[in-house]
Amino acid sequence: MSRILLVDDEPNMLSALQRALRQSKALAGSQIETFTNPFDALNRICVCEFDLVVSDFMMPEMSGGDFLQALKDVAPTTVRIMLSASTDFKTAMTAINDAHVFRFIPKPWQQSELEQNILQALEERQRLLAEAGKAPSAQDLEAQRLEEEEPGLLHVKRTDDGSIIL
């Protein structure tokens, strides 16, 4: 199950993006969180690991480039995608070079292109984790599969003496 974070100062754009990802069969079961404020998103990233972050470029509090640059420092194996209504080549190059953005997707996006780029980004995440020595073990993958089939199955509540609470 993938964890995806979406950041855009426009709530309607966040809703459209979230809807587009939820319509994808390939991304079914992914956990998606949204933020309109990049500072709040950075706070969340400090307590929760994400596989992928998709951010708008133009935001009033902090530019998407600055946000993704800070994200790169905090969570280097989280893959970064930038969305922008701007088709300025310099904007795209700055994002790619400074924040190591995996993809730059123009707004409005095409559903199939967005889905393909997200799937490629999630594959890139696995490669980055393997390089960092954080690739999930066979046991982790099996636990993830079981949790997807039966949510809550692996979360056992116990008393102070170790007894299982039913």
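Residues numbered from 1 in each chain as written. Predicted model: local features only at pLDDT ≥ 70, side-chain atom pairs only at ≥ 80, totals over all residues. Heavy atoms only, no water.

### Topic: helix α2 (residues 38-47)
- Within α2 the residues assigned to the buried category are P38, A41, L42 and I45. Along the long axis of α2, the arc covered by the buried residues comes to 100 degrees, so they all point the same way. Opposite the buried face of α2, at more than 90 degrees from it, the exposed residues are N43, C46 and V47.
- Lining the buried residues of α2 we find β1 (3-7), β2 (31-35), β3 (52-56) and α3 (64-74).
- Among the residues of α2, the N-terminal cap falls to N37, whose side-chain oxygen and the backbone nitrogen of F39 are separated by 2.7 Å. (Buried < 20%, exposed > 50% of the residue type's maximum accessible area, 1.4 Å probe, protein only. Helix = DSSP H or I, 4+ residues; strand = E, 2+ residues; numbered from the N terminus. Arc of directions from axis to C-beta. Contact = heavy atoms within 4.5 Å. Polar contact = N/O pair within 3.5 Å; in protein donor to acceptor, adjacent residues only side chain to side chain.)

### Describing the packing of aromatic side chains
- Applying the stated rule across the entire model yields zero aromatic pairs.
- Above the ring of F102, the side-chain terminus of R103 is found at 4.2 Å from the ring centroid. (Phe/Tyr/Trp six-rings, centres within 6.5 Å; stacked < 30°, edge-to-face > 60°. Lys NZ or Arg CZ within 6 Å of the ring centre and 35° of its normal.)

### Notes on the sheet that holds strand β4 (residues 79-84)
- In space, the five strands of this open sheet follow the order β2-β1-β3-β4-β5, with parallel pairing throughout. Two strands close off the open sheet at either side, each with one partner strand: β2 and β5 (103-106). Across the sheet, the mean angle separating the axes of adjacent strands is 20 degrees when strand polarity is ignored.
- Two strands pair when backbone bridges link them, and β1 and β2 are joined in this way by five bridges, in the parallel orientation. Note that in β2 the partner of V7 across the bridge is F35. (Pairing = 2+ DSSP bridges. Axes fitted to C-alpha atoms, helices over the stretch in contact; angles between N-to-C directions.)

Geometric values such as these leave the question of function open.
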